[in-house]
Amino acid sequence: NGTALCNVPPKFDCYNSGCYGNNTFIDCDQSISHCSFNETGYPSCEPGYRGNGTNCSHSDQFYCSNMDNGTALCNVPPKFDCYNSGCYGNNTFIDCDQSISHCSFNETGYPSCEPGYRGNGTNCSHSDQFYCSNMDNGTALCNVPPQYDCYDSGCYGNGTFISCDQSVSHCSFNGTGYPSCETGYRGNGINCSHDDEFYCSTDNGTARCVVPPRYNCYNQKCGGSGNYTTIYITCNQTDHRCEVNTTGAPICSNTTRGEGTTCEEGEDCQVKTDTGVASCRASSGRHLVALWIVIGILALLAGVVLVYLVIQRIRDKRPGERAFLIPNESVGI
């Protein structure tokens, strides 16, 4: 009936960049203009209202581009493990965190850092832990933290110490040097000599390699601590060592040798049945040797006494022998 209508053109995420008709393509930014066609189908780009385009999924970041025929495209920028930290162009470097922004360049090649979607970076091997850093030109780098035998157990900075198991975490420091314990990759530690057994300990959070002393008589049980001081478990510390868990319960760890004592030659190793603590005592063979020595000495003394008594007895039976011999000797003179 000729009644006038107001039509609001739809909005799109990305707009076509041209018009095509009658085998002819013309440029037309349809975010601000639209295509019109004459009776022969020849296109023209008209201002006044926006034209055609396409909508994109908002489940991730995206940016717009156009096909050769001007049709709009939605592009999801690739995700990277590590992102570039700047833009370089026309001999100029600018900072740009490309995990949230991207680089753009004007007609002279001069760079700018634009928000809206992420930019360039690099992917890292996931066969091991890694962390990101950047070269002087902003290019992203993947860094694999070194592996150690023993790891530090804390972080120290700005006069403050915090606990941090650096076998699974690492230390980070804010602008004032105050430490925090961050997850994601392992931290600092120390490598130990593998010439002998060792176990890990820490001194004020710094890792230490400890070589346990060698004994020839080892404890055979482990005791707990706290509420578990009366609890003992079997543990041959010839090739195991005792530890306690967070509650104080004893653990027999199959890592290195443990505690014991060294017995001298002629001593036997004995173990207390209740606590499993090893100690040394003189061997039974040594006691027998001492006993036979004592018996031999006593026998010798007994023999000497017996001989002495026999001699005395003989002398006591011939009291006149000396008186008889004297007259004969006198006659002979």
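How each quantity is defined
- Residues numbered from 1 in each chain as written.
- Predicted model: local features only at pLDDT ≥ 70, side-chain atom pairs only at ≥ 80, totals over all residues.
- Heavy atoms only, no water.
- Disulfide = S-S within 2.5 Å.
- Helix = DSSP H or I, 4+ residues; strand = E, 2+ residues; numbered from the N terminus.
- Buried < 20%, exposed > 50% of the residue type's maximum accessible area, 1.4 Å probe, protein only.
- 1 Å grid on protein atoms, 1.4 Å probe; cavity = no way out; pocket = protein on both sides within 12 Å on 5 of 7 lines; lining within 4 Å.
- Points joined across faces, edges and corners; volume = space filled by probe spheres on them.
- Nonpolar A, V, L, I, M, F, W, Y, C, P; charged D, E, K, R; others polar.
- Phe/Tyr/Trp six-rings, centres within 6.5 Å; stacked < 30°, edge-to-face > 60°.
- Polar contact = N/O pair within 3.5 Å; in protein donor to acceptor, adjacent residues only side chain to side chain.
- pLDDT = per-residue confidence, 0-100.
- Contact = heavy atoms within 4.5 Å.
- Salt bridge = Lys/Arg side-chain N within 4 Å of Asp/Glu carboxyl O.

## A closer look at the state of the cysteines
A full pass over the atoms with the stated rule returns 16 disulfides. Sulfur-sulfur distance for the disulfide between C87 and C103 comes to 1.8 Å. Here C87 and C103 share a disulfide; its torsion about the S-S bond, -90°, makes the bridge left-handed. Taken together, the positions of C87 in strand β10 (residues 86–89) and C103 in strand β12 (residues 101–105) put the pair 16 residues apart, joining distant regions of the chain. The disulfide bridge from C235 ends at C252, spanning 2.1 Å between sulfur atoms. Its torsion about the S-S bond being 75°, the disulfide of C235 and C252 is classed as right-handed. One end of the pair, C235, is in the loop between β27 (232–234) and β28 (241–244); the other, C252, is in strand β29 (residues 250–253), with 17 residues separating them in the sequence. Since its relative accessible area comes to 1%, C235 is described here as buried. Assessed through its relative accessible area of 28%, C252 is described here as partly exposed.

## A short note on the layout of surface pockets
Its boundaries defined by the atoms lining it, the largest pocket holds a volume of some 150 Å³. No other element matches the three residues that strand β20 (residues 169–173) contributes to the lining of the largest pocket. Per-class residue counts for the lining of the largest pocket are seven nonpolar, four polar and one charged.

## Some remarks on the packing of aromatic side chains
For the structure on display, the rule yields six aromatic pairs. Both rings, one in F12 and one in Y15, keep their centres 5.8 Å apart while their planes meet at 85°; by these two values the pair is edge-to-face. According to the relative accessible area criterion, Y15 is buried, its value standing at 17%. A centroid spacing of 4.8 Å and a plane angle of 25° characterise the contact between Y63 and Y117, whose relative ring orientation is stacked. Here the residue Y63 occupies a position in strand β7 (residues 63–66), and Y117 occupies one in the loop between β13 (111–115) and β14 (121–122), the gap between them amounting to 54 residues.

## Structural notes on the environment of N38
On the secondary structure map, N38 appears in the loop between β4 (33–37) and β5 (43–47). Residues N38 and I94, 56 residues apart in the sequence, show an inter-C-alpha distance of 49 Å. Within the structure, N38 has its side chain in polar contact with the side chain of T40 (distance 2.7 Å). Of the polar contacts made by the side chain of N38, one reaches the backbone nitrogen of Y42; its length is 2.9 Å.

## Some details on the confidence of the model for the protein chain
Chain-level statistics for the protein chain give a pLDDT mean of 91 and a share of 92% at 70 or above. Overall, residues 322–326 carries pLDDT values under 50, and its contacts beyond four positions in sequence, including any with other chains, amount to zero contacts. Per-residue pLDDT stays below 50 along residues 328–333; that stretch engages in zero contacts with residues further than four places along the chain or on separate chains.

## Comments concerning the pattern of salt bridges
Enumeration according to the criterion identifies six salt bridges in this entry. Between R118 and D60 there is a salt bridge whose closest N-O contact spans 2.9 Å. Residue R118 is found in the loop between β13 and β14, and its partner D60 is found in the loop between β6 (53–54) and β7; the two are separated by 58 residues along the sequence. By relative accessible area, which is 6% here, R118 ends up buried. Exposure remark for D60: the relative accessible area of 26% places this residue in the partly exposed category. A salt bridge links R241 to E243; the shortest N-O distance between them is 2.7 Å. Classification of R241 as buried rests on a relative accessible area of 13%.

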